[in-house]
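# Breakdown of the fold
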2 protein chains.
Amino acid sequence: MKHFQAFQFYRVLLFFAALILAAQARAEADSLPSWNEGPAKQSIIDFVKATTTQGSPQFVPEAERIATFDQDGTLWVSHPIYSQVMYCLDRVPRVVKEKPKLAKVEPFKTVMSGNREKIAKLSMDDLLKIVATTLTGMSVEEFQAEVKAWLSKARDPRWKRLYTELTYQPMQEVLKYLRDSGYKTYIVTGGGQDFVRVYSEATYGIPPEQVVGSALATKYEYDKSGKPFLIKEPKLLLNDNNAGKPEGIHLMIGRKPHAAFGNSTGDRQMLEYTKAGDGARLSMLVLHDDAKREYAYGPAQGLPATKVGTFTQELYDEAKKQGWTVISMKNDWKQIFAFESK
Amino acid sequence: MKHFQAFQFYRVLLFFAALILAAQARAEADSLPSWNEGPAKQSIIDFVKATTTQGSPQFVPEAERIATFDQDGTLWVSHPIYSQVMYCLDRVPRVVKEKPKLAKVEPFKTVMSGNREKIAKLSMDDLLKIVATTLTGMSVEEFQAEVKAWLSKARDPRWKRLYTELTYQPMQEVLKYLRDSGYKTYIVTGGGQDFVRVYSEATYGIPPEQVVGSALATKYEYDKSGKPFLIKEPKLLLNDNNAGKPEGIHLMIGRKPHAAFGNSTGDRQMLEYTKAGDGARLSMLVLHDDAKREYAYGPAQGLPATKVGTFTQELYDEAKKQGWTVISMKNDWKQIFAFESK
């Protein structure tokens, strides 16, 4: 009878142990519910386990846990055109009202014509002129207020939703999963640092001081009452694309990331730099191969070529060779947006 | 009897309430034990209470609590010469060994002569040449290793102590008090960002990503094996002095500080910028008026003039006019260094 009791006791113990293990497994799996089971999801879980489990040979102290995320095409939709460019185009009429002479000068004349076909054909130089004119000559506070007002009403033409609603749910889960695991998450964007900082906290849970991006210089001035302010200048200080990404990471963070996420050739150096570190490092690329639920573009893997968020076959081959993980939006993501019905 | 019991009960209650209040007051006072009682210490305590007490009209949400500290002369000794300049001078023989031609060229010839009088007279241009030559042409990791090795053995000539021991105990207490009150503490230094980041965490409890400073550009390159690295370039990207301080704060943090600490004219704009914000803002200046325990220099208040850490009378007058607090090292600090016997 005593043996029987002990046997019963161990059975109960085993039962509870099994319950606990199952709950643990569920909790882990539940960190990434919008991801289909597969190598992409698994690589994230394996990386977090390797770097955050005490005693793991690849354990990383919490202070050193840095993860960097490109934004356009990695955290939110960037097609057919970057949201910040939409902002700049939307702002042209107001700038022209302030400086009427611009109405007769290209590229402002084309933007004011409203001819979408012509606007879509503007060169990179034209766009840079528009960017420089629409983003500068005001205080940083004025700029922040303008962007905030625009974001509260401007809508993406396809989904008819606010731009900040067009973030990828699976990547939001990765951001949270990494933060819950002691990682400090940073945005490292080719887009404007000041622009992204306006909404990064509310949209991604990333505070402004953890946004690294392309940056125009500011200049310290005094207003008529003697109060100092910073004015945005038409001078590019940091170009946070390509090699500018690891350079910007060193300047702004000073530590090599342990994980980095991108989606285009502009992220290549950031992923190389991350992967070149010791221990477990995670470099991931989002491949936009889902024309139905979002967009499909490459030209890697025979996808249509694009000027916005180019993902070349060369980049794809480097990813495979270097042990980066390519995320197939179509196959790896169960759900793309939070607003989708599940 | 009942009344007597009630009376006794309230007496006991009052006694415990008094005990709790006294303990609270002690706990607060204990955050800054190296400070003498006076307006400087009180202004710090008042600021922290105003911005961190729920319901206070000047309450600041924790995410927005940013405090910025100049380093040289504010957090550690910078006289008679900046520690980083000592590092550069110490490194000259090694650079000359690598590039022997430099031995015949000024200012390297003077440095190699060992003539202290002549070295002390080198111009700012000469020093910049030395800085550019000794801090560049190596990877960021090589640079970090060099600085770490130097800091582990180089000693200040007056105190015969490691430079990292020459931090001001009262300011270490302010750093900790602010962090314990939910503030994120940043160093905003005119010195080299990469240099300070090597020891900021161990010395001040400030992680590298919270160090803003003057910065040379880096360049992304590949070694022979194809491994990427960042090399330090002789190109000044950020000059974090004067107006460069608020500009650097905007670039690197993106929020206006609620508290800022400096000691020289190079900090003026940072303190103005901080004080120009809404609500409670704290701008403080350390005045080196203690020739016995540390150094005395100004030329404010009739103190001897200096080229290192100049504190002009104009700055002193602005501080008084704008409601900044001037800290008298002599009168406000009970103890200056942690190694002093108490």
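A few words now on helix H6 (residues 124–135) of chain A. Residues and elements named next belong to chain A. Compared with an ideal rise of 1.5 Å per residue, which puts 12 residues at 16 Å, H6 spans 16 Å between its outermost C-alpha atoms and is within 8% of the ideal. When H6 is considered as a whole, its buried residues turn out to be Asp 126, Leu 127, Ile 130, Thr 134 and Leu 135. Taken end-on, H6 shows its buried residues confined to a sector of 140°, consistent with a single buried face. Opposite the buried face of H6, by more than 90 degrees, sit the exposed residues Met 124, Asp 125 and Leu 128. Of the surrounding secondary structure, the elements contacted by the buried residues of H6 are helix H3 (83–98), helix H4 (108–113), helix H7 (140–151), strand S3 (211–222) and strand S4 (228–238). Just downstream of H6 lies Gly 137, where phi reads positive at about 80°.

Here the focus is the pattern of salt bridges. Under the criterion given, the structure shown has 32 salt bridges over all chains. Among the ionic pairs, Glu 146 of chain A bridges to Arg 94 of chain A, the shortest N-O distance being 3.1 Å. Highlighted residues: Glu 146 of chain A in helix H7 and Arg 94 of chain A in helix H3, separated in sequence by 52 residues. Under the relative-accessibility criterion, Arg 94 of chain A is labelled partly exposed at 45%. The partner of Arg 255 of chain B in a salt bridge is Glu 209 of chain A, and the shortest N-O contact between them spans 2.9 Å. In this pair, Arg 255 of chain B sits in the loop between helix H11 (244–252) and strand S5 (259–262) while Glu 209 of chain A sits in the loop between helix H10 (200–204) and S3, so the two residues belong to two different chains. Judged on exposure class, the residue Arg 255 of chain B and its partner Glu 209 of chain A are both buried. Several salt bridges converge on common partners, so that one network encompasses Arg 91, Arg 94, Glu 98 and Glu 146 of chain A.

So, about the sheet that holds strand S4 (residues 228–238) of chain B. Pairing is mixed in the open sheet, where 7 strands are placed in the order S4-S3-S2-S1-S5-S6-S7 (chain B). Because the sheet does not close on itself, it has two edges, and the strands there are S4 and strand S7 (325–328) of chain B. Within the sheet, the average angular offset between the axes of one strand and its neighbour, ignoring direction, is 30°. The pairing of strand S1 (residues 66–69) of chain B with S5 of chain B spans 3 bridges and is parallel. Residue pairing across strands places Thr 68 of chain B opposite Ala 260 of chain B, the latter belonging to S5 of chain B. Sheet contacts for helix H11 (residues 244–252) of chain A: strand S3 (211–222) and S4 of chain B; angle to S3 of chain B, the most-contacted strand, approximately 155°. Against the sheet, helix H2 (residues 39–52) of chain B contacts S5, strand S6 (282–287) and S7 of chain B, and its axis sits at roughly 155° relative to S6 of chain B.

Our next topic: the interface of chain A and chain B. Contact residues are listed per partner, giving 40 residues for chain A and 40 residues for chain B. The contact between chain A and chain B buries some 3200 Å² in all, and 53% of this surface belongs to carbon and sulfur atoms. Between chain A and chain B we count 6 salt bridges in total. A salt bridge links Glu 201 of chain A to Arg 255 of chain B; the shortest N-O distance between them is 3.2 Å. Viewed at the interface, chain B and chain A are joined by 26 residue pairs in polar contact (both at pLDDT 80 or more).

The next subject is the side chain of Ser 43 of chain B. Positionally, Ser 43 of chain B belongs in helix H2. Not counting residues up to four positions away in its chain, the partners in contact with Ser 43 of chain B are Leu 282, Met 284 and Thr 325 of chain B.

All names here are of chain A. One way to put it is that H3 packs onto H7 with a least axis distance of 11 Å and a crossing angle of 105°. When the axes of H3 and H7 are compared, the pair comes out roughly perpendicular. Here Ser 83, Met 86, Tyr 87, Asp 90, Arg 91 and Arg 94 of H3 come into contact with H7, specifically with Phe 143, Glu 146, Val 147 and Trp 150. Taken together, the residues that form the contact of H3 with H7 break down as 5 nonpolar, 1 polar and 4 charged.

Turning our attention to the relation of the copies chain A and chain B. The two chain copies are related to each other by a rotation about an axis together with a translation along it. Once chain A is rotated about the relating axis by 180° and shifted along it by 0.0 Å, it coincides with chain B to within an RMSD of 0.1 Å. One copy is carried onto the other by what is essentially a two-fold rotation axis. Relative to the rotation axis, the closest C-alpha in chain A is found at Met 252 of chain A, a distance of 3.1 Å. With an isologous cut-off of 70% or more, the 100% of interface residues of chain A that recur at the interface of chain B puts this contact in the isologous class.

The next point concerns the side chain of Glu 294 of chain B. Residues and elements named next belong to chain B. Locating Glu 294 in the fold gives a position in the loop between S6 and helix H13 (313–322). Buried Glu 294, no salt bridge; nearest opposite-charge side chain is Arg 158, N-O distance 6.7 Å. Among the polar contacts made by the side chain of Glu 294, one reaches the side chain of His 288 at a distance of 2.8 Å. Ignoring any residue separated from it by four or fewer positions in sequence, one finds Glu 294 in contact with Val 77, Arg 158, Trp 159, Tyr 168, His 288, Met 329, Ile 336 and Phe 337.

We now examine a nonpolar patch on the surface. Taken together, the side chains of Val 12, Phe 15 and Phe 16 of chain A define a hydrophobic patch exposed on the protein surface, amounting to about 310 Å² of accessible area. Within the element layout of this structure, Phe 15 of chain A appears in helix H1 (residues 2–30).

If you walk through the whole model with that rule in mind, you get 34 aromatic pairs over all chains. Judged by centre distance (5.9 Å) and plane angle (90°), the ring pair of Trp 159 of chain A and Tyr 295 of chain A falls under edge-to-face. In this pair, Trp 159 of chain A sits in the loop between H7 and helix H8 (169–180) while Tyr 295 of chain A sits in the loop between strand S6 (282–287) and helix H13 (313–322), placing the two residues 136 residues apart along the sequence. Accessibility classification places Trp 159 of chain A together with Tyr 295 of chain A in one group, the buried group. With a centroid separation of 5.3 Å and 45° between ring planes, the pair formed by Tyr 168 of chain B and Trp 333 of chain B is classed as tilted. Residue Tyr 168 of chain B is found in the loop between helix H7 (140–151) and helix H8 (169–180), and its partner Trp 333 of chain B is found in the segment after helix H14 (329–332); the two are separated by 165 residues along the sequence. Each member of the pair, Tyr 168 of chain B as well as Trp 333 of chain B, is classed as buried. Joined through ring pairs, the aromatic side chains of Trp 35, Trp 159, Tyr 168, Tyr 295, Trp 333, Phe 337 and Phe 339 of chain A make up one cluster. In this arrangement the basic side chain of Lys 232 of chain A is found over the ring face of Phe 143 of chain A, its NZ or CZ atom lying 4.5 Å from the centre. Positioned over the ring face of Phe 339 of chain B is Arg 161 of chain B, at 4.0 Å from the centre of the ring.

This part is about unusual backbone geometry. Residue and element names in this part refer to chain A. In this model, His 79 is joined to Pro 80 through a cis peptide bond whose omega is -5°. Its location among the elements puts Pro 80 in the loop between strand S1 (66–69) and H3. For the bond from Gly 298 to Pro 299, the omega torsion is 20°, close enough to zero to count as cis. In this structure, Lys 160 takes a positive phi of about 55° despite not being glycine. You can see Lys 160 is positioned in the loop between H7 and H8. You can call Lys 160 exposed: its relative accessible area is 58%. Of note, the phi angle at Asn 242 is positive, near 55°, even though the residue is not glycine. Looking at the secondary structure, you find Asn 242 in the loop between S4 and H11. The exposure class assigned to Asn 242 is partly exposed, which follows from its relative accessible area of 35%.

Calculation criteria
- Residues numbered from 1 in each chain as written.
- Chains lettered and ligands numbered in written order.
- Predicted model: local features only at pLDDT ≥ 70, side-chain atom pairs only at ≥ 80, totals over all residues.
- Heavy atoms only, no water.
- Helix = DSSP H or I, 4+ residues; strand = E, 2+ residues; numbered from the N terminus.
- Expected span 1.5 Å × (residues − 1).
- Buried < 20%, exposed > 50% of the residue type's maximum accessible area, 1.4 Å probe, protein only.
- Arc of directions from axis to C-beta.
- Contact = heavy atoms within 4.5 Å.
- Salt bridge = Lys/Arg side-chain N within 4 Å of Asp/Glu carboxyl O.
- Pairing = 2+ DSSP bridges.
- Axes fitted to C-alpha atoms, helices over the stretch in contact; angles between N-to-C directions.
- Buried area = accessible area lost by both parts, 1.4 Å probe.
- Polar contact = N/O pair within 3.5 Å; in protein donor to acceptor, adjacent residues only side chain to side chain.
- Parallel < 35°, antiparallel > 145°, perpendicular 65-115°, else oblique.
- Nonpolar A, V, L, I, M, F, W, Y, C, P; charged D, E, K, R; others polar.
- Least-squares fit on C-alpha atoms with pLDDT ≥ 70 in both.
- Lys, Arg positive; Asp, Glu negative; His and termini not counted.
- Patch = residues over 30% accessible without salt bridge, like charges linked within 9 Å, V, L, I, M, F, W, Y side chains within 5 Å.
- Areas by Shrake-Rupley, 256 points an atom, 1.4 Å probe, with all protein chains shown as cover.
- Phe/Tyr/Trp six-rings, centres within 6.5 Å; stacked < 30°, edge-to-face > 60°.
- Lys NZ or Arg CZ within 6 Å of the ring centre and 35° of its normal.

Function cannot be inferred from these measures alone, as they are strictly geometric.
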